[in-house]
Amino acid sequence: MDWWVSQPKIELHAHLNGSIRNSTLLELARGLGQKMNAVSADIEHVIMKGDRSLPECFRMFDLIHICTTDHGTVTRITKEVVEDFAAENTVYLELRTTPKKNETIGMTKRSYMEAVIDGLKAVEAVEVLFIPSDERTESSKESPLMNDSSKTKKGNQIYVRLLLSIDRRESTDGAMETAQLALEMRKLGVVGIDLSGNPVVGNWLTFLPALNWAREQGLSVTLHCGEVPNPEEVEAMLEFHPQRIGHACFLNEKHWKVLKSSNIPVEICLTSNVRTDSVSSIDYHHFVDLYHAKHPLVLCTDDPGVFSTSLSREYKIAASTFGLGRGEMFQLAEDAIQFAFAEDRVKQDLKKTFTSVRGELS
Ligand code: 5GP
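Everything quoted here is computed from the prediction, not taken from an experiment. (Residues numbered from 1 in each chain as written. Predicted model: local features only at pLDDT ≥ 70, side-chain atom pairs only at ≥ 80, totals over all residues. Heavy atoms only, no water.)

A. Region of the structure containing the overall build of the chain. When its secondary structure is counted, the chain shows 16 helices and nine strands. Seen along its three principal axes, the alpha-carbon backbone of the chain occupies a region of about 50 × 45 × 40 Å. Counting every position in the chain, which comprises 362 residues, the buried fraction comes to 57%. Sequence-distant contacts, at least 24 apart, represent 73% of the contacts inside the chain between residues at least 6 apart. Within the structure as shown, the chain displays about 15500 Å² of accessible surface, and the carbon and sulfur contribution to it stands at 50%. Side-chain charges of the chain comprise 40 positive and 51 negative groups, with the mean position of each set lying 3 Å from the other. (Helix = DSSP H or I, 4+ residues; strand = E, 2+ residues; numbered from the N terminus. Buried < 20%, exposed > 50% of the residue type's maximum accessible area, 1.4 Å probe, protein only. Contact = heavy atoms within 4.5 Å. Areas by Shrake-Rupley, 256 points an atom, 1.4 Å probe, with all protein chains shown as cover. Lys, Arg positive; Asp, Glu negative; His and termini not counted. Charge placed at Lys NZ, Arg CZ, Asp CG, Glu CD.)

Encoded structure:
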């Protein structure tokens, strides 16, 4: 097995619906097409397209959501996404998703998230550890399927934690509802809040009350920051000082200085940035500068389904493009443990995993 697949990895920036398998999306689109021909043709055309600009990606997400936003499908794709990450030796997955409402099918933000939890429980290929350590005994009693290792091979496990995304199309009330739901679902492995969605839509001040409130409640916050040129917003986001930021493509000299002195970890999404033309070329990606400055960073996929990538592939690309060796890539993955939003016990356990694999390699 290639080292980029076999080495343990940490994923901190993956959107659930952006991680859907192409085969599942096509199957769902075709199923829908039997009811609504035009929509299916539209979706198939978009799915089969290779490169997409950032605006095209958001049109693609709207189409994906037409196919996926029902409880059973949300459960299915959650199960598949976790299995896919586990299959390439992701040992910790922080999966983010936007809780959605759809009154016509009785979906509330809470029932959407319950469908996600059902997906975590449905995974059979690997043991999924998603209940925080201090909740585990009680919750396991309530639901014997949670963290039930009896049906899986020993040692074959993945930690999963969830982030609830606030979509930039949402109102202050909508954002607050998501933050409150995140707090209520902490016992089920929700560890924080993400701000995402089309970066040219919405205003930072709309989301700030919910983000401040979430932070006061002890939830961690990560922000999509600098995906398009918007210096005022980047400045405000850095001033907010989230626990992590994603992308950071359009930062000016002043922003870089603030970022570097703040030590806020950056979630790097190489393929996503290249495919959406958010960087001029991978050779000039800000990964290089941040890596050499020893700034905290983590390699992530963003949307492995939409961008036809995987976490292993991102490691392979970084190694070959930036001339990094296997040892350096291993260290990069191990260093990412400290940026996870999970509790310390999980981080200690992950460190042990990395230490034992390192021992086997040497
Ligand atoms: P979901 O939250 O529905 O599980 O995952 C898809 C959603 O994540 C998209 O509709 C969008 O709101 C968000 N998303 C996925 N990729 C990106 C990205 O690259 N940038 C931003 N800003 N949002 C994204």
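B. Layout of unusual backbone geometry. Of note, the phi angle at His247 is positive, near 80°, even though the residue is not glycine. Structurally, His247 can be placed in strand 7 (residues 244–247). Classification of His247 as buried rests on a relative accessible area of 2%.

C. Molecular detail of the pattern of salt bridges. Summed over the entire model, instances satisfying the criterion amount to 21 salt bridges. Between Glu80 and Arg76 there is a salt bridge, and its shortest N-O distance comes to 2.9 Å. Of this pair, Glu80 and Arg76 both sit in helix 5 (residues 71–87), four residues apart, roughly one helical turn. Measuring nitrogen to oxygen at the nearest pair gives 3.0 Å for the salt bridge that ties Glu177 to Lys101. Pair noted here: Glu177 is in helix 8 (residues 172–184) and Lys101 is in the loop between strand 2 (90–97) and helix 6 (109–122), with a separation of 76 residues, a long-range link. Residue Lys101 is classed as exposed on the basis of its relative accessible area, which comes to 52%. Through salt bridges with shared partners, a single network forms among Arg21, Glu27, Arg76, Glu80 and Asp84. (Salt bridge = Lys/Arg side-chain N within 4 Å of Asp/Glu carboxyl O.)

D. Spatial organisation of the site of the ligand. Around the ligand there are 17 residues in total, and His65, Thr97, Thr98, Glu227 and Asp303 lie nearest to it. Separating an oxygen atom of the ligand from a side-chain N or O atom of His65 is a distance of 2.6 Å. In isolation the ligand offers 510 Å² of accessible surface; the protein chains occlude 99% of this area. At a threshold of 2 Å from the grid points, most atoms of the ligand map onto the largest pocket. Broken down by element, the residue count for the shell around the ligand peaks at three residues, all from helix 4 (residues 54–68). Considering only residue class, the shell around the ligand consists of three nonpolar, nine polar and five charged. (Near = heavy atom within 4 Å. Polar contact = N/O pair within 3.5 Å; in protein donor to acceptor, adjacent residues only side chain to side chain. 1 Å grid on protein atoms, 1.4 Å probe; cavity = no way out; pocket = protein on both sides within 12 Å on 5 of 7 lines; lining within 4 Å. Sits in = over half its atoms within 2 Å of the grid points. Nonpolar A, V, L, I, M, F, W, Y, C, P; charged D, E, K, R; others polar.)

E. A look at the layout of surface pockets. Here the largest pocket defines a volume of roughly 540 Å³. Around the largest pocket, the lining is made up of 35 residues, and of these Phe58, His65, Thr98, Asp167 and Gly197 lie nearest the centre. Of all the secondary-structure elements, those providing two or more residues to the lining of the largest pocket are helix 4, strand 2 and helix 12 (270–275). Among the elements that take part in the lining of the largest pocket, helix 4 stands out by supplying six residues, more than any other. The residue makeup of the lining of the largest pocket, split by class, is nine nonpolar, 15 polar and eleven charged. (Points joined across faces, edges and corners; volume = space filled by probe spheres on them.)

F. Representation of the environment of Ala340 in the model. As for its position among the elements, Ala340 is in the loop between helix 15 (326–335) and helix 16 (344–361). In this structure Ala340 comes out as buried when scored by relative accessible area, which is 6%. The sequence separation of Ala340 and Tyr92 amounts to 248 residues, and the corresponding C-alpha distance is 8.5 Å. Those residues in contact with Ala340 that sit more than four places away from it in its chain are Leu12, Tyr92, Glu94, Arg244 and Lys347.

G. View of the side chain of His224. Mapped onto the elements, His224 comes out in strand 6 (residues 220–225). Looking at His224, the relative accessible area reads 6%, which means it is buried. A polar contact of 3.2 Å, which involves the side chain of His224, links it to the side chain of His13. Separated by 3.2 Å, the side chains of His224 and His15 make a polar contact.

H. Geometry of the pairing of strand 5 (residues 190–196). A large share of strand 5 lies buried, amounting to seven of its seven residues. Pairing of strand 4 (residues 157–167) with strand 5 involves six bridges; the strand directions are parallel. Residue pairing across strands places Leu164 opposite Ile193, the latter belonging to strand 5. Handedness of the β-α-β unit built from strand 4, helix 8 and strand 5 comes out right-handed. Across four bridges, the pairing between strand 5 and strand 6 is parallel. Along strand 6, the bridge assignment pairs Asp194 with Thr222. Crossover connection from strand 5 via helix 9 (residues 204–216) to parallel strand 6: handedness right-handed. (Pairing = 2+ DSSP bridges. Right-handed = clockwise from strand over helix to strand, strands pointing away.)

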